[in-house]
Structures are given as C-alpha cells and as structure tokens.
Amino acid sequence: MTDPATRVAPTRAPLLRRAAPALLGYAAVRALGLGVLAVWSAARGKNAFTLLTARWDSLWYTRVAELGYGYEVRLPNGDVHSNLAFFPLLPWLERLLHAVAPLSYAGAGFVVSLVASLAAAAGIFAVADRVYGPRAGVCSVLLWAVLPVGIVQSMAYSESLFTALAAWSLYAVLTGRWVGAGTLAALAGLTRPVGAAVVAAVWVAGALSFRRQRDTSVPSRQERDTSVPSRQERDTSVPSRRERDAVVSFGRERGTRHAPGAHDGEHAPALGPGAPVTPYAPGRRRALGMLLAPLGAAGYVLWVGHRTGKGPLGYLDVQAGWRNGFDGGYAFARFVADKFTSVPSALAGLGLIAGVALLIWLYVTGVRARQPVELLVYTGVVLALALCASSYFGSKPRLLMPAFPLLLPLARALARPRTSRSALLTAGLAVAAAVYGAFWLNGTGPP
C-alpha cells in the first residue's frame, strides 16, 4: 500500500468549474420562480418587473441612486422615514450601471441583483465545499435558492448583494486571505446594517488565529531546554515540505478536516516528532484585514451622524424613525403572544414558534458539528439581529436569508441519498417556492 505521506493527490478542478452544477441548478430555480411570477402577475393584471423593481425598499434604493440622500417622508403619527436608513453600496452600483448602460435605475437594480445572486450562490458553494465537500456545496446552493422567500434574491433589494459579499468574505477567512476578507467585509458593511456580522466573524477568527499562532510558536522554557532535537533527529523526523503538502492534499481529497490553521496560505503544522511549527500567514496581513473589516459600516454610520448633526448615534435615530431598534426580542415575543387570541391566529403563532425553534436547532446542530468559528459567529449575529430587532415582523424571513450557514446541516443530509431522490425533493421545493413567491409578491410582499 502506498504511504499517504508520499502519495500525490490528484489535482482538484478549479473552484468555478466545481461550482458549475450548483450555479446551473440555481439559475434553473430562479428562472422557474420568475416564470411563475410573470404568469401569475399577468393573470392579475400586474407587471412582474414592477413588482421586482419598483415597490417597497427598491423604490427607496432607486431614489437614492437618482437623487442622492436627503429625502424623507413624515407620517401623520410623527414617524419620519428617511432614506438615510438605506446603506449606499446598492444605489452606487445602480447609478454606475445606469451611467454606462441603457438601463433605468430600476432596471440597473434588477441586473445588479441578478448578478449578485449568482455571485452569492458561488460563494455559498465555495464555503460549503471547503467545509463539507462539493455535494454538500451543491445542495447548500439549491436549498438557498428554494427558500420560501427566495424570490427576493431576484428583486432590486440588497439581500443578494450582501449575501455574496458575506459568503466570499467568509471563504477568504477560511482560506487565509485576510486582506481580501477584510475588504469584502468593509463592502458588506456598506450594504446593510447586518454587515456587523461579517465584521464580527473576521475579528473573532483573526483573534483566534493570532492566539493559535502564539500558542504553537512560543514553547515554554522547559520545552526549549529539553526537547530541541539533534541535527540527525531533525533530518530523519521532519518530512519535507513536499511530503507535508501531499499529506494535506490527500486529507482534503479524502474529505477530512483540516488541521487548525491549515487554510490556503497557512500550511498545516509539520508532522513527526520534534518537528518545528510551520508559520501561519504573516501577522501584518491578518491585522490589516481586521482593520479594514469595519471601515464600511463605521464610515457610513459616522457620516450619517455628521449629516444629521446627532453625532455617532445619529444613525440609530434614523432607524428609530422607521420603528426599528434592538430590544432583545421583546417586541417579537409580544407579536407572537398576540397571535394566541383566537384559534385561527393561534395556528400562525404555533408556526412562528416552530420556525424559531427550527432556526435554533439548526444553529445548535452546526455548533455540535464543529463548524468553523467564523461561520458560527456570523450566523449567530445574523440570527440575533433578525430575531431580536423590533422591526416590521413581516420582513424577518428575508432578513434571515443571508444566514446561509444554517442550511449546511440540511445540505449534508440532502447530499447523502441517491442523486435522483435528492433531485426530486429539490424540484418539489423549487415548485413550491416559485408558487409561494408569486403569491407573496402579488399580495402583501416584503416591506
């Protein structure tokens, strides 16, 4: 039998080539959803393109793109809806695309969302493939596509753009590309308030990486005095770099977990007794990535505070005008409790409780499966901000959409059966999501 240490693993296909089945499946699901929406809307005398690009938040984004900030609506109850509540990256892209292509601002927003949704699908695949392999990667993308509110991924909203930036930032952290991770986190922070979740993931992962590097590279005095091998021992016990890389590559092809810190660009710890610790990625690049991560969100929040004249907390006042805030889940709990005033609404209340319980169970399952800490931190913050905010309750399903790591346990389960069975189940979910999306947008729709 060939020694694993000397076996050369076959070269893996490039990431985008591995992601091709997932992207094709994602495009098919989105095309189905748009087709059903077009037919449903026509039957009701409505325009599907208008539903996707010129209602609710999409109108606010296009107004920012066209006229800039400063527009607000004062309601009879005293609330002030200011467009300063909407982060600037999506309007910037809409304005740019409008300037270089014959598209309206609404059309530009639609194109940005379509492209961003494909980028998000590719990023989700990259993360899931990195952690659990390509089959789980494909299933993760398809599960994200068939979410009941998946039609939002094709709207001129910022969910798809944010998810793309978040997923690729997390992938950059997983592969040790710290400057890229920080840059993408900064862009995510210019997209939505929940960009704080990406920043938190980069910071926690970076801090733990510094700690692991310190713990593995600074031996105690006793260890330095008693465990320094002789030159002959070093020559016979320390495998070559080629041999170490072969072991890491072989382990990755077999689907084994990476050694701590063994991201791309951060070699796995050397093997063999007395082996020296292989260095991590340069600490200055890791620190630079951590410094870049919060610049987007912090920059916009501080600019809003300066513009409103209310200092660093000015953005919170803007959100308060929309009745948005963080109350630890009290308002949401009251909303659920109010459902139990009659039998029909009690069923909705039970459904909400079951949905929250499912989210918590999926998160706990990820913790027990020892998902990478960056994924757990990111998902936890997204969950907390979505469930514990006092925002409009009908928007919570789409606010949870960027929490794609919650789908990883389901994706692993879906990847185990035969392909035909998984495909049949996914097709059924895709049809259900397409019908629900068309019904939803032709009714109350997202706020």
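Cut-offs used in this document
- Residues numbered from 1 in each chain as written.
- Predicted model: local features only at pLDDT ≥ 70, side-chain atom pairs only at ≥ 80, totals over all residues.
- Heavy atoms only, no water.
- Helix = DSSP H or I, 4+ residues; strand = E, 2+ residues; numbered from the N terminus.
- Buried < 20%, exposed > 50% of the residue type's maximum accessible area, 1.4 Å probe, protein only.
- Contact = heavy atoms within 4.5 Å.
- Areas by Shrake-Rupley, 256 points an atom, 1.4 Å probe, with all protein chains shown as cover.
- Salt bridge = Lys/Arg side-chain N within 4 Å of Asp/Glu carboxyl O.
- Patch = residues over 30% accessible without salt bridge, like charges linked within 9 Å, V, L, I, M, F, W, Y side chains within 5 Å.
- pLDDT = per-residue confidence, 0-100.
- Core = buried A, V, L, I, M, F, W, Y, C linked by side-chain atoms within 4.5 Å.
- Axes fitted to C-alpha atoms, helices over the stretch in contact; angles between N-to-C directions.
- Left-handed = near helix turned anticlockwise from the far one by under 90°.
- Nonpolar A, V, L, I, M, F, W, Y, C, P; charged D, E, K, R; others polar.
- Parallel < 35°, antiparallel > 145°, perpendicular 65-115°, else oblique.
- Polar contact = N/O pair within 3.5 Å; in protein donor to acceptor, adjacent residues only side chain to side chain.
- Phe/Tyr/Trp six-rings, centres within 6.5 Å; stacked < 30°, edge-to-face > 60°.
- Expected span 1.5 Å × (residues − 1).
- Bend = angle between axes of the 7 residues up to and from the residue.

**Some remarks on the overall build of the chain**
No. 1: Across its full length, the chain holds 21 helices and 2 strands.
No. 2: Taking all 447 residues of the chain together, the buried fraction comes to 46%.
No. 3: Contacts spanning at least 24 positions in sequence make up 75% of the contacts within the chain whose residues lie at least 6 apart.
No. 4: Approximately 22,000 Å² of the chain is accessible, and the part contributed by carbon and sulfur atoms is 65%.

**Brief notes about the side chain of Glu-94**
No. 1: Tracing the sequence through the fold places Glu-94 in helix H4 (residues 89-100).
No. 2: If we ignore the near neighbours within four places in the chain, the residues touching Glu-94 are Tyr-61, Thr-62, Ala-65, Tyr-105, Ala-108, Gly-109 and Ala-156.

**With respect to the pattern of salt bridges**
No. 1: Evaluated as defined, the whole model comprises 7 salt bridges.
No. 2: The partner of Glu-159 in a salt bridge is Arg-398, and the shortest N-O contact between them spans 2.5 Å. Here the residue Glu-159 occupies a position in helix H7 (residues 159-174), and Arg-398 occupies one in helix H19 (residues 396-399), the gap between them amounting to 239 residues.
No. 3: By relative accessible area, Arg-398 is classed as buried at 5%.
No. 4: What you see here is one network of salt bridges that share partners, running through Asp-57, Glu-159, Arg-192 and Arg-398.

**Details of a nonpolar patch on the surface**
No. 1: A contiguous nonpolar surface patch, about 400 Å² in accessible area, is contributed by Phe-340, Leu-347, Leu-350 and Ile-353.
No. 2: Looking at where Leu-350 falls in the secondary structure, it is placed in helix H17 (residues 343-368).
No. 3: On the basis of relative accessibility, which here comes to 48%, the residue Leu-350 falls in the partly exposed class.

**Things to note about the confidence of the model for the chain**
No. 1: Looking at the chain as a whole, its pLDDT mean stands at 84, while 83% of the residues score no less than 70.
No. 2: A low-confidence stretch, residues 220-224 (pLDDT under 50), is modelled with 2 contacts involving residues beyond four sequence positions or located in other chains.

**Digging into the environment of Ala-116**
No. 1: Tracing the chain through its elements places Ala-116 in helix H5 (residues 105-132).
No. 2: Overall, the relative accessible area of 7% leaves Ala-116 in the buried class.
No. 3: Here the alpha-carbon distance between Ala-116 and Leu-165, two residues 49 residues apart in the chain, equals 8.7 Å.

**A short note on the nonpolar core**
Burial of nonpolar side chains together is a common tendency in soluble globular proteins.
No. 1: Counting 98 residues, the largest nonpolar core has Leu-37, Trp-144, Tyr-300, Tyr-378, Phe-404 and Leu-441 as its most contacted members.
No. 2: Among the elements that take part in this core, H7 stands out by supplying 11 residues, more than any other.

**Things to note about the packing of H5 against helix H6 (residues 134-145)**
No. 1: Where H5 contacts H6, the two axes come as close as 7 Å, and the packing angle between them is 145°. Regarding H5 and H6, the two cross each other, and that crossing is right-handed. Contacts from Ser-117, Ala-120, Ala-121, Ile-124, Phe-125, Ala-128, Asp-129 and Tyr-132 of H5 reach H6 at Pro-134, Ala-136, Gly-137, Val-138, Ser-140, Val-141 and Trp-144.
No. 2: Residue composition of the contact of H5 with H6, by class: 11 nonpolar, 3 polar and 1 charged.

**Observations regarding the packing of helix H16 (residues 330-338) against H17**
Two quantities define a packed helix pair, namely the angle between the axes and the distance from one axis to the other.
No. 1: As a packed pair, H16 and H17 sit with axes 8 Å apart at the nearest point and diverge in direction by 140°. Relative to H17, the element H16 lies oblique. The chirality of how H16 crosses H17 is left-handed. For the pair H16 and H17, the contacting residues are Phe-332, Phe-335 and Val-336 in the first and Gly-349, Leu-352, Ile-353 and Val-356 in the second.
No. 2: In the contact of H16 with H17, the residues fall into 6 nonpolar, 1 polar and no charged.

**Let's talk about helix H20 (residues 408-415)**
Residues spaced three or four apart along an α-helix point in a common direction, a consequence of the helix completing one turn every 3.6 residues.
No. 1: All of the buried residues along H20 are Leu-408, Pro-409, Ala-411, Leu-414 and Ala-415.
No. 2: Residues of H20 that are buried sit in contact with H5, H6, H17, helix H18 (373-387) and helix H21 (419-441).

**Let's talk about the environment of Ser-154**
No. 1: For Ser-154, the location among the structural elements is in the loop between H6 and H7.
No. 2: A sequence separation of 37 residues divides Ser-154 from Ser-117, and the C-alpha atoms of the two residues are 7.2 Å apart.
No. 3: When residues no more than four places from it in sequence are discounted, the contact partners of Ser-154 are Arg-30, Leu-34, Leu-52, Phe-110, Ser-113 and Leu-114.
No. 4: Reaching out from Ser-154, the side chain makes a polar contact with the side chain of Arg-30 at a distance of 3.0 Å.

**Let's talk about the packing of aromatic side chains**
No. 1: Across all of its chains, the model carries 17 aromatic pairs by this definition.
No. 2: Between Trp-168 and Tyr-171, the ring centres sit 5.6 Å apart and the planes meet at 85°, which makes this aromatic pair edge-to-face. Within this pair, Trp-168 and its partner Tyr-171 are both found in helix H7, separated by 3 residues, close to a single helical turn.
No. 3: Taking the relative accessible area as the measure of exposure, Tyr-171 reaches 14% and is therefore buried.

**Some words on the side chain of Thr-62**
No. 1: In this structure, Thr-62 sits in helix H3 (residues 57-67).
No. 2: Residue Thr-62 is classed as buried on the basis of its relative accessible area of 10%.
No. 3: If we skip the residues at most four places from it in the chain, Thr-62 touches Thr-53, Glu-94, Tyr-105 and Ala-106.

**A look at helix H1 (residues 15-43)**
No. 1: With 29 residues, H1 extends 42 Å from end C-alpha to end C-alpha; this agrees with the ideal 42 Å at 1.5 Å per step.
No. 2: Of all bends in H1, the biggest is about 40°, found at Pro-21.
No. 3: Along H1, the residues classified as buried are Leu-15, Arg-18, Ala-19, Ala-22, Gly-25, Tyr-26, Val-29, Arg-30, Gly-33, Leu-37 and Ser-41.
No. 4: The inward-facing, buried residues of H1 contact helix H2 (48-53), H5, H6, H7 and H21.
No. 5: Of the residues flanking the end of H1, it is Gly-45, one or two places downstream, whose phi is positive at about 75°.

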